[in-house]
Amino acid sequence: MKKVDVLIVGGGPAGLAAAVELYRKNIKNILIVERENHLGGILKQCIHDGFGLTRFGETLSGPEYAKRFIDQVEELQIPYLTDAAVTGISGDKVVTVVSRNGLEKYQAKAVILTMGCRERTRGALGIPGERPAGVFTAGVAQSYINLHNTMVGKEVVILAPATSG
Ligand SMILES: Cc1cc2nc3c(=O)[nH]c(=O)nc-3n(C[C@H](O)[C@H](O)[C@H](O)COP(=O)(O)OP(=O)(O)OC[C@H]3O[C@@H](n4cnc5c(N)ncnc54)[C@H](O)[C@@H]3O)c2cc1C
């Protein structure tokens, strides 16, 4: 079993920022595990700008903002795995990772969970039948358009809960 001081689950901006901060505090035996084939998390598909004003004092797109952190991780040579999903964490911090290398286990002293949030699909909400086919979550629609260059439709209705205030 491989040993790491800190295993970070998820290579989105939170996981990358955590890794950089740990490294600067001299905790260097780190591993970031990301299930997708690129680091960056949801920001890969947020191609509009407006990110980075607080941290970098300039307006960046999501991918540009994520790249700032990815570059730091690369420069510091912080180890990471992509195409690798964490499928289990035991009470004594043994982390199971599934990737093309097969099933591997890591004994960590600490585990940081930075898996972001997940939208629930109509399947997860238990809406049956074919009638809701063509109903997408915002994240899926954004992914089709911004990452896969595919329109979800021409006539679109956006349904969102009303906010107060
Ligand atoms: C559709 C959509 C649009 C958004 N637009 C904006 C916006 O315009 N502005 C804004 O500020 N915020 C926006 N957000 C919020 C955005 O999620 C956060 O700003 C930011 O991406 C959160 O970073 P994070 O690292 O916490 O999570 P994420 O970016 O979601 O990263 C989490 C990572 O963990 C990985 N992961 C999850 N489970 C596992 C596992 N078991 N094993 C390995 N890896 C795993 C995921 O693949 C992902 O890469 C949006 C979110 C969504 C869903």
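Predicted, not measured: the structure shown is a model, and the values here were computed from it.

### A short note on the side chain of Ser-143
Within the secondary structure, Ser-143 is located in helix H5 (residues 138-148). Under the relative-accessibility criterion, Ser-143 is labelled buried at 16%. Setting aside its immediate chain neighbours within four residues, Ser-143 contacts Gln-45 and His-148.

### Here's the deal with the sheet that holds strand E2 (residues 30-33)
By definition, the strands of a sheet pair up through backbone hydrogen bonds, in either a parallel or an antiparallel sense. Read from one edge of the open sheet, six strands run E5-E2-E1-E8-E7-E6, paired in mixed fashion. A single partner strand is all that each edge strand has here, and the edge strands are strand E5 (80-81) and strand E6 (85-89). Where E6 lies against strand E7 (residues 94-99), four bridges are found, and the strand directions are antiparallel. Across the sheet, the residue bridging to Ala-85 is Val-98, located in E7.

### Description of the side chain of Thr-96
Along the chain, the position of Thr-96 falls in strand E7. Of the residues examined, Thr-96 reaches a relative accessible area of 11% and is grouped as buried. For Thr-96, the side chain forms a polar contact with the side chain of Lys-105, separated by 3.0 Å.

### So, the domain arrangement of the protein
Partitioning the protein into domains gives domain 1 (2-113) and domain 2 (119-165). For domain 1 versus domain 2, the separation of C-alpha centres amounts to 27 Å. In this assembly, five residues from domain 1 lie in contact with five residues from domain 2. For the pair domain 1 and domain 2, the summed buried surface comes to about 410 Å²; carbon and sulfur atoms form 48% of the total. It is Lys-44, Gln-45 and Ile-47 in domain 1 that bury the most area against domain 2; as a group they hold 88% of the surface buried on that side. At the junction of domain 1 with domain 2, the criterion picks out zero salt bridges. At the boundary of domain 1 with domain 2, the tally comes to three residue pairs in polar contact (both at pLDDT 80 or more). Among the residues forming the side of domain 1 that touches domain 2, the class breakdown is two nonpolar, two polar and one charged.

How each quantity is defined
Residues numbered from 1 in each chain as written. Predicted model: local features only at pLDDT ≥ 70, side-chain atom pairs only at ≥ 80, totals over all residues. Heavy atoms only, no water. Helix = DSSP H or I, 4+ residues; strand = E, 2+ residues; numbered from the N terminus. Buried < 20%, exposed > 50% of the residue type's maximum accessible area, 1.4 Å probe, protein only. Contact = heavy atoms within 4.5 Å. Pairing = 2+ DSSP bridges. Polar contact = N/O pair within 3.5 Å; in protein donor to acceptor, adjacent residues only side chain to side chain. Domains from an automatic or database assignment. Buried area = accessible area lost by both parts, 1.4 Å probe. Salt bridge = Lys/Arg side-chain N within 4 Å of Asp/Glu carboxyl O. Nonpolar A, V, L, I, M, F, W, Y, C, P; charged D, E, K, R; others polar.

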